[in-house]
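Here's the letter readout for the chains.
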There are 2 protein chains.
Amino acid sequence: MTLPDPGEQARRFIKVREAHRSEVQQDYVELIADLVAARGVARVVDLAERFGVTTATVANTLARLKRDGLVEDRPYRSLCLTAAGTAMAEASRARHDIVVAFLLRLGVSRAVAELDAEGLEHHLSAETLAAMEGFAG
Amino acid sequence: MTLPDPGEQARRFIKVREAHRSEVQQDYVELIADLVAARGVARVVDLAERFGVTTATVANTLARLKRDGLVEDRPYRSLCLTAAGTAMAEASRARHDIVVAFLLRLGVSRAVAELDAEGLEHHLSAETLAAMEGFAG
DNA sequence: AAGCAAAGTTAGCCTTGGCTAAACCCTGAA
DNA sequence: TTCAGGGTTTAGCCAAGGCTAACTTTGCTT
Ligand SMILES: [Mn+2]
Ligand SMILES: [Mn+2]
Ligand SMILES: [Mn+2]
Ligand SMILES: [Mn+2]
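Calculation rules
Residue positions within a chain follow its written sequence, with the count starting from 1. Here chains are named by letter from A upward and ligands by number from 1 upward, in the order in which they appear as written. Given that the model is predicted, a residue must reach a pLDDT of at least 70 before its local features are reported, and side-chain atom pairs must reach 80 or more before they are shown or counted; all residues, however, enter totals for whole chains, interfaces and linings. Hydrogens are left out, water is left out, and the side-chain values use all remaining heavy atoms of the structure. Here a donor is an N, O or S atom found within 2.8 Å of the metal, or within 3.2 Å if the metal is Na, K or Ca; sites may look incomplete because water is not among the atoms. Here the term buried applies to any residue with accessible area under 20% of the maximum for its type, exposed to any over 50%, and partly exposed to those in between, with areas from a 1.4 Å probe on protein chains only. To be near a molecule or strand, a residue needs just one of its heavy atoms within 4 Å of it. Throughout this description, a polar contact denotes any pair of N or O atoms lying within 3.5 Å of each other; where both atoms belong to protein, one of them has to be capable of donating a hydrogen while the other can accept it, and for residues adjacent in sequence the pair is counted only when both atoms sit in side chains. Secondary structure elements are defined from DSSP: runs of H or I of at least 4 residues count as helices, runs of E of at least 2 residues count as strands, and each element is numbered from the N terminus. For this scheme, ten residues count as nonpolar: Ala, Val, Leu, Ile, Met, Phe, Trp, Tyr, Cys and Pro. Four count as charged, namely Asp, Glu, Lys and Arg, and the remainder, Gly too, count as polar. Fitting of the copies onto one another was done by least squares over C-alpha atoms, counting residues only where both copies have pLDDT of at least 70. Axes here mean lines fitted to C-alpha atoms, for a helix over just the part in contact, with angles spanning 0 to 180 degrees between N-to-C directions. For classification, angles of less than 35 degrees are called roughly parallel, those exceeding 145 degrees roughly antiparallel, those between 65 and 115 degrees roughly perpendicular, and all remaining angles oblique. Any two residues having at least one pair of non-hydrogen atoms within 4.5 Å are treated as being in contact.

Peer 1: How do you make sense of the coordination of the manganese ion (ligand 1) when you look at a structure like this?
Peer 2: In an ideal octahedron of six donors the angles at the metal are 90 or 180 degrees, and in an ideal tetrahedron of four donors they are 109.5 degrees. Residues and elements named next belong to chain A. Protein coordination at the manganese ion (ligand 1): the donors are Asp27 (OD), Asp27 (OD), Glu118 (O), Glu118 (OE), Glu121 (OE) and His122 (NE2), at 2.1 to 2.8 Å from the metal. Mapping the donors of the manganese ion (ligand 1) onto the primary sequence yields the spacing D-x90-E-x2-E-H. The metal-metal distance between the manganese ion (ligand 1) and the manganese ion (ligand 2) is 3.6 Å, with Glu118 coordinating both. Each member of the pair, Glu121 as well as His122, carries the same accessibility label: buried.

Put into structure tokens, the structure is as follows:
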């Protein structure tokens, strides 16, 4: 019945839109780092398979990551993160792991925890993430 | 080190993209219902103010909601939900309230709970939502 | 009843992030 | 050494969801 303050409410939705603008980049650098750690190389085809998109879409997205200084521009070579990309990947992975651990502690099954974490992780304030980390123990 | 199964991982990202496709509609019908409940009418200019966008953007989005049978098409008149729109609004509000109650119980401040809930709410499986509801008590 | 201000709509533009199809590079096997 | 196939990029398309600017409608005030 009682509506929030208009400006306050607007700030919430603006925050959601900001999160959505950076989340593709976060997920890309995180996966590139994981592939490099596990296999030594990260290939465009692997990203396409694991994101569920075409290689053309991956190429498009990678062009933006290169433009934004997160991925090295080396055509036809294995993908490689810049220092900024590596930093973003580490932060994303740490946050992702906290969210999964939290959901498991909440009693959610592993499959659903991994599923929901992939979207949830981009909408957490520092305060909420800290509370989740504390709860997960 | 150990990577998830590629198909499983792809299904997670596909789910996130599906959630993002429906979330604008869910937030619109929820806010329209709230405005109607609190004021009797929902105007385009109110939506624009509370979403933090221009009235032109609201008009664009409303065209999609009308196309999809969620909002009545009555140019220059107060906004009005269809039966389908009302049902979606009620489900969205119920879920939103569970998420806020859960975050508060977790120990997060009210301001941050309301902030994070707006994005979080669209990435919760039934299992996770049930766990949150149980935890919120 | 007229006029004006606020509300709503329309036109035209942009970026993101999807797609298909086709061209391009690279490499290992013949 | 060639060349076929796999991986990568490019070209061209699309919808969602933002924007500004201009136009139309409504409704209130005088
Ligand atoms: Mn993610
Ligand atoms: Mn992630
Ligand atoms: Mn929301
Ligand atoms: Mn989201």
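Having seen the structure, we can now continue with the description.
Peer 1: Would you take a moment to explain the protein's contact with DNA strand D for this structure?
Peer 2: Close contacts around DNA strand D come from 20 residues, with Arg17(A), Val45(A), Ala56(B), Thr57(B) and Arg64(B) the closest. Among all atoms of DNA strand D positioned within 4 Å of the protein, those belonging to sugar or phosphate total 68%. The backbone of Val45(A) places a nitrogen or oxygen atom 2.9 Å from a phosphate oxygen of DNA strand D. Asn60(B) places a side-chain nitrogen or oxygen 3.4 Å from a base nitrogen of DNA strand D. Of all the elements in the fold, those that place two or more residues in the surface near DNA strand D are helix H2 (44–51) and helix H3 (55–67) of chain A together with helix H1 (6–39) and helix H3 (55–67) of chain B. With five residues, H3(B) is the largest single contributor of residues to the surface near DNA strand D. The residue makeup of the surface near DNA strand D, split by class, is 10 nonpolar, six polar and four charged.

Peer 1: Could you clarify how one ought to interpret the coordination of the manganese ion (ligand 3) in this entry?
Peer 2: Residue and element names in this part refer to chain B. All of the protein donors around the manganese ion (ligand 3) are Asp27 (OD), Glu118 (O), Glu118 (OE), Glu121 (OE) and His122 (NE2); their distances to the metal are 2.0 to 2.5 Å. In the primary sequence, the donor residues of the manganese ion (ligand 3) line up as D-x90-E-x2-E-H. Of this pair, Asp27 sits in helix H1 while Glu118 sits in helix H5 (residues 110–120), and the two are 91 residues apart along the sequence. The residues Asp27 and Glu118 share a single accessibility class, namely buried.

Peer 1: Hey, could you run me through the relation of the copies chain B and chain A in this one?
Peer 2: Here the two chain copies are tied together by a rotation about an axis and a shift along that axis. Once chain B is rotated about the relating axis by 180° and shifted along it by 0.0 Å, it coincides with chain A to within an RMSD of 0.0 Å. Given the turn and translation reported, the copies of this chain are related as if by a two-fold rotation axis. Of the C-alpha atoms belonging to chain B, the one lying closest to the rotation axis is found on Leu120(B), 2.7 Å away.

Peer 1: Is there a simple way to explain the packing of H1(B) against H3(B) in this structure?
Peer 2: The angle between the axes and the distance between the axes are what describe a pair of packed helices. Residue and element names in this part refer to chain B. For the pair H1 and H3, the least separation of the axes is 11 Å and the interaxial angle reads 100°. By the angle class used here, H1 and H3 are roughly perpendicular. From H1, Val24, Gln25, Tyr28, Val29 and Ile32 reach across to H3, where they touch Thr57, Val58, Thr61, Leu62, Arg64 and Leu65. Looking at side-chain class alone, the contact of H1 with H3 contains seven nonpolar, three polar and one charged residues.

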